[in-house]
Amino acid sequence: MKMFELIKDQTKNIKKIVFVTGAGISQESGISTFRGKDGLWRNHDPMKLATINAFYDNPKLIWEWYNERRKNIFQAHANQGHRAIAELEKYVQVVVLTQNIDGLHQKAGSSKVLELHGSIVKIKCSVCDFKDEIQTEISENPPLCKCGNVLRPDVVWFGESLSQNVWQKAMIFASECDLMVVVGTSLVVSPANTLPIYAQQNNAIMIEINPENTEMSSEMDLVIKDSSAVALPELISLFQRN
Ligand code: BJW
Ligand code: ZN
């Protein structure tokens, strides 16, 4: 691909790469994105479902949404995009900062993945400290904790803080990288959408892979307006030739 030639000469100097990924990277694995035309779930706006108030109002509805997503995610396979990122670890230091809860980067073999918004396999009590990981379907709806209160997905909803431990590390990785590749995210949700700013402050090379423009597109050194399953293997091949 012609556009990648622009950074080809610079790949030798790149030691640390950070990928910031969002729902778009898993779109080609059959997992819906949040915004845009395929973002609706049974006429519900995911942006209204992904809140703690929606959960307290109707835990059964929210669990129905997550149960359908669990089923779909558990049978999904990593795609060429996830696999290309995992492959790149053979050549250079790679960290993945993902907003996705689907675990597909890990399935593809990436070893350093920080899950900013939690994970589909994790559940926790809405009241006590109970936490668990469940790799199967959950039949009870809503599932209850031993303490009698409702269990919830251990994911980060609007108005909730990210795990401070995960976020601290994410900021550090972002501010120390030489190249940041922002893939398949609309960059509308904070604080994840501030990660490119930390990389810019370190004068990192900035690349975006997204068929659509985002608010950060004009700040990028290179914008690849293509799907991630097509663009990522091309990008990674530049490092393999070194
Ligand atoms: C392709 C492709 C292909 C397609 N190849 N690309 C007012 C009130 C309260 C809070 C706020 C407020 N104003 C701002 C806030 C903060 C709020 C926020 O940012 N809101 C904005 C919407 C305005 N953020 C938070 O609340 C965060 N917490 C926080 O800030 O704590 C401090 C705080 C405390 C108290 C009050 C206020 C602040 C938490 C955010 C949690 C987000 N959670 C979710 C759900 C996670 C669990 C789950 O998955 O169910 O995270 S929402 C949803 O959005 C999910 C995603 O990770 C996240 C980002 O979406 P993403 O990944 O970018 O997906 P899309 O669909 O938006 O974009 C897909 C992209 O892919 C598109 O660009 C396509 O073009 C592209 N694409 N196909 C490549 N094949
Ligand atoms: Zn409990």
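So, here's what we can say about the structure. Within every chain, residues take consecutive numbers counted from 1 along the sequence as written. The lettering of chains begins at A and the numbering of ligands begins at 1, in the order of writing. Residue-level local features of this predicted model are given only where pLDDT is at least 70; pairs of side-chain atoms are given and counted only at 80 or more, and the full residue set underlies all totals for whole chains, interfaces and linings. Side-chain measures were taken over the full set of non-hydrogen atoms in the model, leaving aside hydrogen atoms and water.

Turning our attention to the overall build of the protein. Helix and strand definitions follow DSSP, with helices as H or I runs of at least four residues and strands as E runs of at least two, each counted in order from the N terminus. Each helix and strand counted, the protein has nine helices and nine strands in total. Only the C-alpha atoms count toward the radius of gyration. The rule for a globule is 2.2 Å times the residue count to the power 0.38. Whereas a compact globule of 242 residues would reach a radius of gyration of roughly 18 Å, the protein reaches 18 Å, a difference of no more than 12%. When the backbone C-alpha atoms are referred to their principal axes, the protein occupies close to 60 × 35 × 30 Å. Exposure classes here rest on a 1.4 Å probe applied to the protein chains alone. A residue is buried below 20% of its type maximum, exposed above 50%, and partly exposed in between. Across the 242 residues of the protein, 51% fall into the buried class.

This brings us to the pattern of salt bridges. The term salt bridge refers to a side-chain nitrogen of Lys or Arg lying within 4 Å of a carboxyl oxygen of Asp or Glu. Counted by the stated rule, this structure contains six salt bridges. Put simply, Arg42 and Glu64 hold a salt bridge, and the shortest N to O gap is 2.8 Å. Of this pair, Arg42 sits in the loop between strand E1 (16-21) and helix H2 (46-49) while Glu64 sits in helix H4 (residues 59-75), placing them 22 residues apart in sequence. Taking relative accessible area as the criterion, Arg42 reaches 48% and is therefore assigned partly exposed.

Nitrogen, oxygen and sulfur within 2.8 Å of a metal are treated as its donors, or within 3.2 Å for sodium, potassium and calcium (Na, K, Ca); water is not counted, so a site can appear incomplete. Looking at the metal site, the zinc ion (ligand 2) is ligated by Cys125 (SG), Cys128 (SG), Cys145 (SG) and Cys147 (SG), spaced 2.2 to 2.3 Å from it. Bound by four donor atoms, the zinc ion (ligand 2) shows angles of 104 to 119 degrees at the metal and therefore tetrahedral coordination geometry. Going along the chain, you hit the donors of the zinc ion (ligand 2) in the pattern C-x2-C-x16-C-x1-C. Angular criteria define each label, namely tetrahedral for four donors with all angles between 85 and 135 degrees, square planar for four and octahedral for six donors with opposite donors over 155 degrees apart and remaining angles between 65 and 115, and irregular for whatever fails these tests.

Another aspect to go through is the side chain of His117. Relative to the assigned elements, His117 resides in the loop between strand E3 (113-115) and strand E4 (118-125). His117 gets classed as buried once you look at its relative accessible area, which sits at 14%. Not counting the four nearest positions on each side in its chain, His117 is found in contact with Thr98, Gln99, Ile101, Val155, Val156, Leu162 and Val189. Residue contacts are counted whenever heavy atoms from the two residues lie within 4.5 Å of one another.

Quick look at the site of ligand 1 now. Note on terminology: near, applied to a residue and a molecule or strand, indicates that one of the residue's heavy atoms is within 4 Å of it. Near ligand 1, the surroundings consist of 32 residues, among which Arg35, Tyr66, Arg69, Ser186 and Asn210 are the closest. Within the side chain of Tyr66, one N or O atom sits 2.5 Å away from an oxygen atom of ligand 1. Contacts described as polar in this section are N or O atom pairs within 3.5 Å, which, within protein, must combine one atom able to donate a hydrogen with one able to accept it, while residues neighboring in sequence count only if both atoms come from side chains. At a separation of 2.7 Å, an oxygen atom of ligand 1 approaches a polar side-chain atom of Arg69. Each accessible area value is a Shrake-Rupley result obtained with a 1.4 Å probe; residue values ignore everything except the protein chains displayed when judging cover. Starting from 1,500 Å² of accessible surface for ligand 1 in isolation, the protein chains cover 74%. In this classification, Asp, Glu, Lys and Arg are treated as charged, Ala, Val, Leu, Ile, Met, Phe, Trp, Tyr, Cys and Pro as nonpolar, and every other residue, Gly included, as polar. Residues that form the shell around ligand 1 fall into these classes: twelve nonpolar, 15 polar and five charged.

This next bit is on the packing of aromatic side chains. We call Phe, Tyr and Trp rings a pair once their centres come within 6.5 Å, taking the six-membered ring for Trp, and we label the pair stacked below 30 degrees between planes, edge-to-face above 60, and tilted otherwise. All told, the structure shown has five aromatic pairs when counted by the stated rule. Ring centres 6.1 Å apart and planes at 55 degrees place the aromatic pair Phe55 and Tyr56 in the tilted group. Here the aromatic cluster, defined as three or more aromatic residues joined through ring pairs, consists of Trp41, Phe55, Tyr56, Trp65, Tyr66 and Trp157. Any Lys NZ or Arg CZ that is within 6 Å of a ring centre and within 35 degrees of that ring's normal is treated as a charge sitting over the ring. Over the ring of Trp65 we find Arg69, and its NZ or CZ is 4.5 Å from the ring centre.

Note: strands within a sheet are paired through backbone hydrogen bonds, in either parallel or antiparallel orientation. One open sheet accounts for three strands, arranged E5-E4-E6; its pairing is antiparallel. For this open sheet the edge positions go to strand E5 (131-133) and strand E6 (151-155), each flanked by a neighbour on one side alone. Direction aside, the axes of adjacent strands within the sheet are offset by 40 degrees on average. The pairing criterion for strands is at least two bridges between them, as found by DSSP. Here E4 runs beside E5; their pairing, made up of three bridges, is antiparallel. Lines fitted to C-alpha atoms define the axes here, with helix axes fitted over just the stretch in contact, and angles between the N-to-C directions of these axes take values from 0 to 180 degrees.

What follows deals with the nonpolar core. What tends to happen in soluble globular proteins is that the nonpolar side chains get buried as a cluster. The term nonpolar core refers to a set of buried residues drawn from Ala, Val, Leu, Ile, Met, Phe, Trp, Tyr and Cys, joined through side-chain atoms within 4.5 Å. Judged by nonpolar contacts, the single largest core of 27 residues is most densely connected at Ile17, Phe19, Val181, Ile207, Ile209, Leu232 and Leu235. Looking at this core, the elements that each hand over two or more residues are E1, helix H5 (80-88), strand E2 (93-98), strand E7 (179-183), strand E8 (205-209), strand E9 (222-224) and helix H9 (228-240). Examining the composition of this core, we find that six residues originate from one element, H9, more than from any other. Residues within four places of Ile207 in sequence aside, it is in contact with Ile7, Leu179, Met180, Val181, Val182, Met220, Leu222, Ile224 and Leu235. Residues Ala50, Ile101, Ile120 and Val121 belong to the second largest nonpolar core, which totals 25 residues.

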